[in-house]
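# Summary of the model geometry
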Protein chains: 4
Amino acid sequence: MSAKSINVALIGSKFMGRAHSNAYITAPKFFDLPLHPVMHTVVGRNAKELEAFARRWGWERCSTDWKAVVRDPEIGLVDIGVPNDTHREMAIGALEAGKHVACEKPLADTLDNARAMVQAAKKAKKSKTMVWFNYRRCPAVSLARQIVREGRLGRIFHMRFFYLQDWAGPDTPLLWRFQGKVAGSGSLGDLCAHSIDTARFVTGDEFVQIIGATMETFVKERALLAGGSGGEISGTGAAKAAKKGKSTVDDATLFLARTRGGALASFEATRLSTGNKNGNRFEIHGENGALRFNFERMPELEWYDATLPKHLQGWSTINVSDGAAGHPYAHAWWPVAHAIGYEHSFINQVADMMGLLAGKEIIAPLPDFNEAYQTQRIMEAVTLSAKNRCPVDLSEVK
Amino acid sequence: MSAKSINVALIGSKFMGRAHSNAYITAPKFFDLPLHPVMHTVVGRNAKELEAFARRWGWERCSTDWKAVVRDPEIGLVDIGVPNDTHREMAIGALEAGKHVACEKPLADTLDNARAMVQAAKKAKKSKTMVWFNYRRCPAVSLARQIVREGRLGRIFHMRFFYLQDWAGPDTPLLWRFQGKVAGSGSLGDLCAHSIDTARFVTGDEFVQIIGATMETFVKERALLAGGSGGEISGTGAAKAAKKGKSTVDDATLFLARTRGGALASFEATRLSTGNKNGNRFEIHGENGALRFNFERMPELEWYDATLPKHLQGWSTINVSDGAAGHPYAHAWWPVAHAIGYEHSFINQVADMMGLLAGKEIIAPLPDFNEAYQTQRIMEAVTLSAKNRCPVDLSEVK
Amino acid sequence: MSAKSINVALIGSKFMGRAHSNAYITAPKFFDLPLHPVMHTVVGRNAKELEAFARRWGWERCSTDWKAVVRDPEIGLVDIGVPNDTHREMAIGALEAGKHVACEKPLADTLDNARAMVQAAKKAKKSKTMVWFNYRRCPAVSLARQIVREGRLGRIFHMRFFYLQDWAGPDTPLLWRFQGKVAGSGSLGDLCAHSIDTARFVTGDEFVQIIGATMETFVKERALLAGGSGGEISGTGAAKAAKKGKSTVDDATLFLARTRGGALASFEATRLSTGNKNGNRFEIHGENGALRFNFERMPELEWYDATLPKHLQGWSTINVSDGAAGHPYAHAWWPVAHAIGYEHSFINQVADMMGLLAGKEIIAPLPDFNEAYQTQRIMEAVTLSAKNRCPVDLSEVK
Amino acid sequence: MSAKSINVALIGSKFMGRAHSNAYITAPKFFDLPLHPVMHTVVGRNAKELEAFARRWGWERCSTDWKAVVRDPEIGLVDIGVPNDTHREMAIGALEAGKHVACEKPLADTLDNARAMVQAAKKAKKSKTMVWFNYRRCPAVSLARQIVREGRLGRIFHMRFFYLQDWAGPDTPLLWRFQGKVAGSGSLGDLCAHSIDTARFVTGDEFVQIIGATMETFVKERALLAGGSGGEISGTGAAKAAKKGKSTVDDATLFLARTRGGALASFEATRLSTGNKNGNRFEIHGENGALRFNFERMPELEWYDATLPKHLQGWSTINVSDGAAGHPYAHAWWPVAHAIGYEHSFINQVADMMGLLAGKEIIAPLPDFNEAYQTQRIMEAVTLSAKNRCPVDLSEVK
């Protein structure tokens, strides 16, 4: 292990709690980190469950008092992996205590809260902020960005970004993800936020106008869970008989947009597209080439090179896992085509986070709060466009 | 050959002229037709070229005077395969002369002209009208419709219809397809019209609102062709040096829509999506199943059956070419997976047209002028929505 | 039509009879042929059925006397499209009468008969011979050969050639294709012959040794058909109750081989690989590149270029249908990705046959009897290897 | 952590050393194990490197003396992750000391050694033996087996098992994997052993005859590495200038075989199939259904159900990652289609190993030494068949 280390406090012990914990454990095994993350404290609400979680995942301490933890002088990095309505308070608390902060996406539940977080980040001059847009660190997504930056696409005409899942049928109960007060939004913040971030990350372009948008709640009522407020993504079925409550988030979000570079973009995020399980997809068409990605085939990037001899042009499927080829992150993992998975996007992020905090060059840029706020502005513009049934210029959304 | 026959006059001798001629020749070879199409007269503007065309394709006579031909008492069916600005005059002329009319899509260059054609069709009580939305008769598209009608999808949540080509880069000259006066529109009428028809055909649903739309001309000026007004789809390059003229049509059309059945729909048609050659694609997601199609893999329909045992659920790729399985049109062709191609959608249409005119049951419904007019109304609503930057209800477009 | 023409006599009016007839009709429509095939006489056994066939397909005359027809001085080209046991007699008859001969594949039912045909062809100095290995003329297969000839693969290490169908389950009756006396062999001559020819065509390499082989009859007895001897490929089911007869051909053939160039080759042909409908597939791996093809996706050739920058290497799917790109045969057909199908491999062959007979350069070489005989020698070596359970050097098979 | 635990000694600290270490760390995080693996001692040759390895991966102790370690009374499980020539000595040593043994595949370098290991295992009545055929525990491979056991394929006609890589071009140096004395064999033991095990695992069928076989060394000489004897899989290039040594293993192995159940099987393993990176593939065709797998798309199992209504039959791509669907191992991991990777096959194996040692039911059977010996017998028969150029019955290989 490296001489230097940083103590991490993780807030959250559910889906993201597991993903982040696994990443802190595994990153130092596969990467030569300049800074070692020490799994110092995990924070949760249920002390007993939390203790079991800490034991399993190797956190040294547990706490149910996040306010105390973010002020603990031993802690260097606060990692926020809980629902969106708590991001503001926790992040600002940590920043005011001088900590670095890594926050789950989307940045916040509302644009106001996101803005407040950005302002706090600006004030906290010694703190670095990072947001867990983990899909940036899928090797194929990072390679897509690299290909754009190598100038291989030329002027971009079209992009399509879809995030298609199907777990939210009428039988799925009223998890927190369907509760507007907790989640802020549904498909928009949960899925489309990833797509918007990926679009900006890969193309380097900015959105200037939402042309039209819609946000739909197909399933208006869902069965209440026993406990009431919680539940994770997995649960289907079961709760059929129970009382019902109102779903107050969007099951699906669609919008059309225009970029500064002159491209037309189409976005769709939905939890009701039967047959698509985790279809985080994109297609980008430039004058000289094109790219396609679908997370359901995570290692593969499709690349069309319109500058090749015409009789040889085709969609090429690159297995982005070859360390010897310089594929992003591949040097740290297994031989070519010995696949890595979903969790590795988090592990790669921990590696880059440690690099960033150690002042080293990292593989793909990490979005800070301000960068994530730009994505939040677009989410706000989409919401306004859907509500007011009109185009919205991004310049109107501060 | 069957005892009964009908004399056909074809107007047009370019791309569609070849496709229709080939269909009249070939349909009677593979299908047992109740009515035999006799290739009586072909009509064009250039007498010399036309004569060569007629000789090659087996038309008995040529004419440069379409008005005379549509009144020729020997003619039973007038087939209009020329650009959209002439459809109205020719179709009404033929209907007034008591002929059956098969018209290329889209129905007309403008909604007014389309409406006039519908009215003429209503008056011409003995005439049947048909429109060449040929993609309906791809076996995979017909099977998609059949699967929907078998009730296998349940309530539809989402549909995506894309028609993606890439031949219209900056080097492509100013063909008639880029001239608004001739073509009426660009990607909208050329490509998206197919998608709209296919959506209505497959789902049986109707569009009630355009939520938002945009139509973009990426390449504003293009090289003038030597002759001036014409040219076919193929030409790229060449004319670089020449003078330039304005492109007055949309290179791309995107819109979001809502259906009577409560689905959200996303459409995109473009001639500038590098790497997609003839990507007439759709994806439809219902409560119990889903469908995917891409004409670039013409024989294949992808079908997801969410009612199967869960551990066996997946996207199934059906090779829609099995006569013994009852796949649409397959009985007429080769053994299973001995592929048919683009031209067969036209041949299949001739078979159905002859069936319809003979009063027989046909494999897939043929759109008449009124049916094609519904598609034209949607095109109009899209145009209005794009121009006025607001949602448009279909009820506003008469 | 061209000034010059040649009168064709076609022997056969079943599956291949239709494919060839359609090709003679259509080739002159899409290609500018230097020699026009006139559909002069069709020959069959059943006069009444034959007359209907001739009327439908446009043959000027019918005959049940092939011996007379091949001697008819009006005939220039004799096309043999009947089962393999008759090839020898008919081909030699036609050659002795000074005709050009196009014979269906495989060349003959036995190696002896094939050899006799080659000798007759040598004697008939003014006659050209051609064999209908139609898959050579799939554009993707022709492009594969071109890529090899451009030197893009380098030394070839491996090739895999599979021809996988599944129509011969236990319920399929005893068609002529299961009768050794008529067919000569089963999967070997019907399917594997295509693969062997394609391997030699694409790579330009020659087989020098069969390392091991097996030929299996999984279904030993099959229901007799009403008529007794005939039937076409399509028939499944039906005849269950009926009496059974012995299948005397191989349902499947597998072998390993070695080429002069030092490659290892694996071949499999079967009519019992459930789920594969017409899976005429190959994969070829060279030092600098690799190729994959599957007729079930006819327009697509997969190409791996190991000389590209490493981070961009992948399997590229070329849609081999772009006339402007110089893809083989594409200039004659529709715009790019407006698919052609199975029958077009025959139409393309007629175009090349007319070119050859007119002394013009053609797109892909046509196999003459001697060339087809080399394939027959390999089939014989495979048969010997399977029977004697030992390796067989091709030099042992004369 | 669970009350019960077992101390593990791992021999090996290279590629497999990392894969096994990661598995011991991670399995207890995601699975509720009935027995906890304690990472007690790691064994290697280079003390200094080993210490760094132990620190990174969390092994409590290091040793360069495997003989002492396998006798250490604290150790319960000896895990052998070093090249094949040492398996015998180490495994027998550990068994004689009363330990459980998990050995990397293939079981041994020679059949004699493998047999000795089986005999030792029989004597060591309290010891359990396990072999790391990790691909069994890819969820898609386990599901394939389950589908066969559910009776969905019926009688199997054909199977094809390929393991295709391309890293062993002429520039790859003389790693230990090319040294017969160390590796025992090349592609046969390294790759094909996996295929043979998978074939037996998935189908439950046994091989009775090798019909024909070949083993080829395409690249006869390779550059010597600096150190001389070692090196891992990754290295390409570099050593070009250096002295050369003889490669004494097979670059490729191909064989045809026959099973007790009457199926014909085709195997190919190669390190020289350009474009295939880790193409561990199979296709199995039964009377009622068929299966396809390619590790390059690890989560996907393709399934053809020939009992569905005919018009709906197709190749279905199952994303085998759905815990709610009961997909093997999926309950332990992320939500559906949040991919797992190569390393998870090892982690899943540790979970099953702990289950087995705790006397619990496990998800997929673990091969013991005797089971792995059956695979070794087939490898021997293949070697004999290739050498003697004749068929070999398995009954001849004891």
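Bear in mind the structure is a predicted one, so any value in this text is a computation, not a measurement.

Turning our attention to the overall build of chain A. When its secondary structure is counted, chain A shows 10 helices and 17 strands. For 398 residues, the compact-globule estimate of 2.2 N^0.38 gives 21 Å, and chain A sits close to it at 21 Å. Overall, chain A is about 65 × 55 × 40 Å in size when its C-alpha atoms are taken along their principal axes. Looking at chain A residue by residue over its 398 residues, the buried ones come to 64%.

Time to look at the interface of chain B and chain A. The partner chain A presents 31 residues to the 31 residues of chain B that form the contact. Put simply, the parts of the chain that give the side of chain B that touches chain A at least two residues each are strand 7 (156-164), strand 8 (207-216), strand 11 (252-259), strand 12 (264-270), strand 13 (279-286) and strand 14 (289-294) of chain B. With 5 residues, the top contributor of residues to the side of chain B that touches chain A is strand 8 of chain B.

Residues and elements named next belong to chain A. Taken in spatial order, the 6 strands of this open sheet run 3-2-1-4-5-6, and their pairing is parallel. Edge positions in the sheet fall to strand 3 (61-63) and strand 6 (129-131), since each of these pairs with one other strand and no more. Recorded for the sheet is a direction-independent mean angle of 25 degrees between the axes of neighbouring strands. With 7 bridges joining them, strand 1 (residues 5-11) and strand 2 (residues 36-43) adopt parallel strand pairing. For Leu 10, the partnering residue across the bridge sits in strand 2 and is Val 42.

Residue and element names in this part refer to chain A. We note that the domain assignment places domain 1 (5-134) and domain 2 (138-335 + 369-388) within chain A. On a C-alpha basis, the centres of domain 1 and domain 2 stand 24 Å from each other. Each side of the interface is counted separately: domain 1 has 22 residues, and domain 2 has 22 residues. Elements that contribute at least two residues to the side of domain 1 that touches domain 2 include exactly helix 1 (15-30), helix 5 (111-123) and strand 6. Here the element with the most residues in the side of domain 1 that touches domain 2 is helix 5; it accounts for 6 residues. Here the side of domain 1 that touches domain 2 is composed, by residue class, of 14 nonpolar, 3 polar and 5 charged.

With that out of the way, let us pick up unusual backbone geometry. Cis geometry marks the peptide bond from B:Lys105 to B:Pro106, where omega comes out at -15 degrees. Relative to the helices and strands, B:Pro106 is located in the loop between strand 5 (100-103) and helix 5 (111-123). One non-glycine residue, A:Ala337, lies in positive phi territory at about 65 degrees. Tracing the sequence through the fold places A:Ala337 in the loop between strand 16 (315-319) and helix 9 (342-357). Take A:Ala337: there are 23 C-beta atoms within 10 Å of it, and that puts it in the buried class.

Attention now goes to the sheet that holds strand 1 (residues 5-11) of chain C. Residues and elements named next belong to chain C. Taken together, 6 strands build an open sheet; the order of strands is 3-2-1-4-5-6 and the sheet is parallel. Of all the strands in the sheet, the pair left with one neighbour each is strand 3 (61-63) and strand 6 (129-131). The sheet shows a mean angle of 25 degrees between the axes of neighbouring strands, taken without regard to direction. As paired elements, strand 2 (residues 36-43) and strand 3 share 3 bridges and run parallel to each other. Bridging from a neighbouring strand, Val 43 pairs with Ser 63 of strand 3.

Next up on the list: the environment of C:Glu221. Residue and element names in this part refer to chain C. Assignment of secondary structure puts Glu 221 in strand 9 (residues 221-223). A residue is classified by how many C-beta atoms lie within 10 Å of it, and Glu 221, with 14 of them, is partly exposed. Measuring from C-alpha to C-alpha, the distance between Glu 221 and Ile 362 comes to 45 Å, with 141 residues separating the pair along the chain. Residues contacting Glu 221, with those up to four places away along its chain left out, are Lys 244, Gly 245, Lys 246 and Ser 247.

For the pair chain C and chain D, the relating rotation is 180 degrees, the translation along its axis is 0.0 Å, and the fit reaches an RMSD of 0.0 Å. Both copies of the chain, as the preceding transformation shows, are related through a two-fold rotation axis. In terms of proximity to the rotation axis, the leading residue of chain C is C:Gly212, whose C-alpha is 2.2 Å off the axis. Both copies present the same face, since 100% of the interface residues in chain C are matched by interface residues at the equivalent positions in chain D.

Once chain B has been moved 0.0 Å along the axis and rotated by 180 degrees, it coincides with chain A to within an RMSD of 0.0 Å. Both copies share a contact surface, since 100% of the interface residues of chain B are interface residues in chain A too.

It is worth spelling out the pairing of strand 15 (residues 300-305) of chain D at this point. All names here are of chain D. A large share of strand 15 lies buried, amounting to 6 of its 6 residues. The side-chain alternation of strand 15 yields two buried faces, one formed by Glu 300, Glu 302 and Tyr 304 and the other by Leu 301, Trp 303 and Asp 305. For strand 14 (residues 289-294) and strand 15, the ladder comprises 5 bridges, and the chain directions are antiparallel. Looking at strand 15, one finds that Ala 290 is bridged to Tyr 304. Linking strand 14 to strand 15, which pair antiparallel, is a turn of 5 residues.

Residues and elements named next belong to chain B. The end-to-end C-alpha distance of helix 8 (residues 187-203) is 22 Å, a good match for the 24 Å that 17 residues give at a rise of 1.5 Å each. Helix geometry: helix 8 is bent most strongly at Ala 193, by close to 35 degrees. Of all 17 residues in helix 8, 17 are buried, a share of seventy percent or more. Once helix 8 finishes, Gly 204 follows within two positions and takes phi at roughly 70 degrees, a positive value.

So, about the confidence of the model for chain A. Residues and elements named next belong to chain A. On average, residues of chain A carry a pLDDT of 95, and 95% of them reach 70 or more. Low pLDDT, under 50, characterises residues 232-240; the stretch is placed with 24 contacts to residues that sit more than four places away or in other chains. This prediction of the complex comes with two scores: 0.96 for pTM and 0.95 for ipTM.

What follows is about the interface of chain C and chain D. The interface of chain C with chain D comprises 31 residues on the first partner and 31 residues on the second. Residue assignment for the side of chain C that touches chain D shows that the elements contributing at least two residues are strand 7 (156-164), strand 8 (207-216), strand 11 (252-259), strand 12 (264-270), strand 13 (279-286) and strand 14 (289-294) of chain C. The element contributing the most residues to the side of chain C that touches chain D is strand 8 of chain C, with 5 residues. Per-class residue counts for the side of chain C that touches chain D are 15 nonpolar, 12 polar and 4 charged.

This brings us to the packing of helix 1 (residues 15-30) of chain D against helix 9 (residues 342-357) of chain D. Residues and elements named next belong to chain D. Viewed as axis vectors pointing N to C, helix 1 and helix 9 meet at an angle of 60 degrees, and their least axial separation amounts to 8 Å. Here helix 9 runs oblique to helix 1, going by the angle between their axes. Considering only the axes of helix 1 and helix 9, their crossing is right-handed. Between helix 1 and helix 9, the contacting residues are Ala 19, His 20, Asn 22, Ala 23, Tyr 24, Thr 26 and Ala 27 on the first element and Glu 343, Phe 346, Ile 347, Gln 349, Val 350 and Ala 351 on the second.

As a further point, take the packing of helix 8 (residues 187-203) of chain C against helix 10 (residues 369-388) of chain C. Residues and elements named next belong to chain C. Here helix 8 crosses helix 10 at 120 degrees, and the two axes come no closer than 10 Å. It follows that helix 8 is oblique to helix 10 by the angle criterion. Crossing of helix 8 over helix 10 shows right-handed handedness. For the pair formed by helix 8 and helix 10, the contact residues are Leu 188, Gly 189, Ala 193, Ile 196, Asp 197 and Arg 200 on the first element and Gln 374, Thr 375, Ile 378, Met 379, Val 382 and Thr 383 on the second. Residues of the contact of helix 8 with helix 10, tallied by class, amount to 6 nonpolar, 4 polar and 2 charged.

Turning our eyes to something else, we now look at the pairing of strand 15 (residues 300-305) of chain A. Bridge analysis of strand 15 of chain A against strand 16 of chain A gives 5 bridges, and the strand direction is antiparallel. Bridge pairing in strand 16 of chain A places A:Glu302 opposite A:Thr317.

All names here are of chain D. The element helix 4 (residues 87-96) is largely enclosed, with a buried count of 7 among its 10 residues. Looking at helix 4, one finds that the buried residues are His 87, Arg 88, Met 90, Ala 91, Ile 92, Ala 94 and Leu 95. In this fold, the buried residues of helix 4 make contact with strand 1 (5-11), helix 3 (66-71), strand 4 (77-80), strand 5 (100-103) and helix 5 (111-123). Two residues or fewer after helix 4 comes Gly 98, characterised by a positive phi angle close to 85 degrees.

Our focus in this paragraph is the environment of A:Leu264. Mapped onto the fold, A:Leu264 is located in strand 12 (residues 264-270). Take A:Leu264: there are 26 C-beta atoms within 10 Å of it, and that puts it in the buried class. Spatially, the C-alpha atoms of A:Leu264 and A:Lys29 are 43 Å apart, while their sequence positions differ by 235 residues. Sequence-distant contacts of A:Leu264, defined by excluding residues within four places in its chain, comprise A:His158, A:Arg258, B:Thr214, B:Glu216, B:Ala252 and B:Leu254.

Rules used throughout
Residues numbered from 1 in each chain as written. Chains lettered and ligands numbered in written order. Predicted model: local features only at pLDDT ≥ 70, side-chain atom pairs only at ≥ 80, totals over all residues. Helix = DSSP H or I, 4+ residues; strand = E, 2+ residues; numbered from the N terminus. Rg over C-alpha atoms; globule rule 2.2 N^0.38 Å. Buried ≥ 20, exposed ≤ 12 C-beta atoms within 10 Å, placed from the backbone. Contact = placed C-beta atoms within 7 Å. Pairing = 2+ DSSP bridges. Axes fitted to C-alpha atoms, helices over the stretch in contact; angles between N-to-C directions. Domains from an automatic or database assignment. Nonpolar A, V, L, I, M, F, W, Y, C, P; charged D, E, K, R; others polar. Least-squares fit on C-alpha atoms with pLDDT ≥ 70 in both. Expected span 1.5 Å × (residues − 1). Bend = angle between axes of the 7 residues up to and from the residue. pLDDT = per-residue confidence, 0-100. Parallel < 35°, antiparallel > 145°, perpendicular 65-115°, else oblique. Left-handed = near helix turned anticlockwise from the far one by under 90°.

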